Amino acid sequence: MNKEGVKTYLVTGGAGFIGSNYIHYMFKKYGDTIRIINVDVLTYAGNLENLKAVEDRDNYTFVKADITDKEAIAKIFAENDIDRVVHFAAESHVDRSIRNPEVFVQTNVLGTAVMLNCAKAAWELPDGSFKEGKKFLHVSTDEVYGSLPDDENAFFYETTPYDPHSPYSASKASSDMLVKAYMDTYKFPANITNCSNNYGPYQFPEKLIPLIINNALQGKKLPVYGDGKNVRDWLFVEDHAKAIDMVQEKGRLFETYNVGGHNEKQNIQIIEIILETLQEMLPEGDPRKAHVSKDLITYVEDRKGHDRRYAIAPDKIKAEIGWEPETMFAEGIKKTIAWFFENEEWMKNVTSGDYQKYYEEMYK
Ligand code: NAD
Ligand code: DAU
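This structure is a prediction, so every number in the text was calculated from the model and none was measured.

Chemist: Quick rundown of helix H10 (residues 329-342)? Include the residues and the values.
Modeler: Taking 1.5 Å of rise per residue, the 14 residues of H10 would be expected to cover 20 Å, and the 20 Å separating its terminal C-alpha atoms lies within 8% of that figure. If you check which residues of H10 are buried, you get Phe329, Gly332, Ile333, Thr336, Ile337, Trp339 and Phe340. Down the axis of H10, the buried side of the element spans an arc of 155 degrees, and every buried residue falls inside it. Exposed and facing more than 90 degrees away from the buried side of H10 are Ala330 and Glu342.

As structure tokens, this is what we get:
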């Protein structure tokens, strides 16, 4: 923290979906009393358009760098007195990890090791303790816990053993283990959050909800994997951003907190809700009203190793920190759809070029 009490945040992956929502949330909440340095290499999932509204702020800096590049990351720590690291940067899509696992190990495992090493080097004192007030938050996923049975009383807790199945979740589990090792070995000041499925503005349309919204509006088929009855626990992204901030400020160091919405739904239910909400929100006379319908639903081959059910019990974060989800799904999905209506250019831009190639290859 500098003399004026301004904390400096190093956010990795801030040009992605959750990272950019987090940056907007933090500036809305703290204004000029924080500084944010956003380091992102801008993969297909990173988009500086997401941050247009903050890019001219004096207390925001973007650095294009790869988190696996030790020198680039060490330089950021050397040139800035970083108080908080919030580590989002990752390869995040399960289907891509099934096709090309290597980059997931590279970014998610090696990249996390580089982030931890650079923070440790910058924050460690000669006696092995750490400078006061420094904190690292590793943003992880509920997928590390594996899959739950079709039983509405079964939940993931912080004590649930790790059992990842996809290359993505295995790489995130490995990165969590590295953070745990740093906390256990060096007393490195960190927390881990394991969150359920997010949805909201700026989500890349390879993920279920924006893909369904985009396809339905264009009258394209809506691909449902397997029987459509896999369950995910959906959380509005701003609630996740709030949880991350609350854990970092109020959580006990070295602890893991599960973050979830208590909003478990089958994929097919999600698709039906989206179709109904689109019908409700599209104005009379809009030509898209004619093709937004259940007729577009198309059952396709199942995802390999498809986890059946995820559901978080957010008891610990509620009891210790007072966080709970605020946005009900009916409201969150309306906000999300309204955002996509208002940002048609954004969708056009991200679905041009490489996205087309990915889509054709993935859904052929
Ligand atoms: P995203 O794919 O939208 O964004 C990832 C960002 O990281 C992009 O901006 C990308 O350019 C950047 N990035 C990728 N590789 C990088 C590298 N080597 N160096 C620097 N930057 C790099 O992902 P997201 O959905 O916003 O997820 C963010 C984090 O939250 C991930 O760690 C993910 O595992 C975790 N998470 C996501 C969800 C979810 O539902 N999306 C839920 C729980 C946890
Ligand atoms: O649980 C948290 C995780 O949620 C995060 O760690 C990941 O980064 C994030 O991508 C997400 O993973 P999922 O695999 O659950 O999300 P996705 O949107 O890819 O899929 C949600 C469900 O919808 C899943 O059961 C697969 C199914 N699905 C997905 C797509 C893209 C379909 O049926 N059809 C599709 O076309």
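Chemist: Outline the site of ligand 2, supporting the account with residue identities and numerical values.
Modeler: Within the structure, ligand 2 sits among 23 residues, and Asp142, Tyr168, Arg303, His306 and Tyr363 are positioned closest to it. One of the backbone N or O atoms of Ser92 is found 2.8 Å from an oxygen atom in ligand 2. At 2.8 Å, a side-chain N or O of Glu143 approaches an oxygen atom of ligand 2. For ligand 2, the accessible surface in isolation is 700 Å², of which the surrounding protein chains cover 95%. It is strand E8 (residues 222-225) that provides the largest number of residues to the shell around ligand 2, a total of three residues. Considered class by class, the residues forming the shell around ligand 2 number nine nonpolar, eight polar and six charged.

Chemist: Explain the environment of Arg57 to me, using residue names and the numbers behind them.
Modeler: Checked against the element boundaries, Arg57 lands in the loop between strand E2 (34-40) and strand E3 (60-64). Residues Arg57 and Ile36, spaced 21 residues apart in sequence, show a C-alpha to C-alpha distance of 9.9 Å. Beyond its immediate stretch of four places on either side in the chain, Arg57 contacts Phe27, Gly31 and Asp32. Within the local environment of Arg57, its side chain forms a polar contact with the side chain of Asn59, the two groups lying 2.9 Å apart.

Chemist: Describe the sheet that holds strand E9 (residues 231-236), listing the residues and the values that go with them.
Modeler: Across the sheet, three strands lie side by side as E7-E9-E11; this open sheet has mixed pairing. Strand pairing shows two members of the sheet lacking a second neighbour, strand E7 (197-199) and strand E11 (264-266), which therefore form its edges. Shown here is a sheet whose adjacent strand axes are inclined to one another by a mean of 50 degrees, direction ignored. In the sheet, E9 pairs with E11 via three bridges, with the strands oriented antiparallel.

Chemist: Explain the site of ligand 1 to me, and be specific about the residues and the numbers.
Modeler: Taken together, 28 residues lie around ligand 1, and Asp40, Phe88, Ser92, Tyr168 and Lys172 are the ones closest in. Contacts to ligand 1 include Asp66, whose side-chain N or O atom sits 2.9 Å from a nitrogen atom. In the environment of ligand 1, an oxygen atom lies 2.8 Å from a nitrogen or oxygen atom belonging to the backbone of Phe88. Out of a free accessible area of 840 Å², ligand 1 has 96% covered by protein chains. Elements with a contribution of two residues or more to the shell around ligand 1: helix H1 (17-30), strand E5 (135-141), helix H5 (167-186) and E7.

About the criteria used
Residues numbered from 1 in each chain as written. Chains lettered and ligands numbered in written order. Predicted model: local features only at pLDDT ≥ 70, side-chain atom pairs only at ≥ 80, totals over all residues. Heavy atoms only, no water. Helix = DSSP H or I, 4+ residues; strand = E, 2+ residues; numbered from the N terminus. Expected span 1.5 Å × (residues − 1). Buried < 20%, exposed > 50% of the residue type's maximum accessible area, 1.4 Å probe, protein only. Arc of directions from axis to C-beta. Near = heavy atom within 4 Å. Polar contact = N/O pair within 3.5 Å; in protein donor to acceptor, adjacent residues only side chain to side chain. Areas by Shrake-Rupley, 256 points an atom, 1.4 Å probe, with all protein chains shown as cover. Nonpolar A, V, L, I, M, F, W, Y, C, P; charged D, E, K, R; others polar. Contact = heavy atoms within 4.5 Å. Pairing = 2+ DSSP bridges. Axes fitted to C-alpha atoms, helices over the stretch in contact; angles between N-to-C directions.

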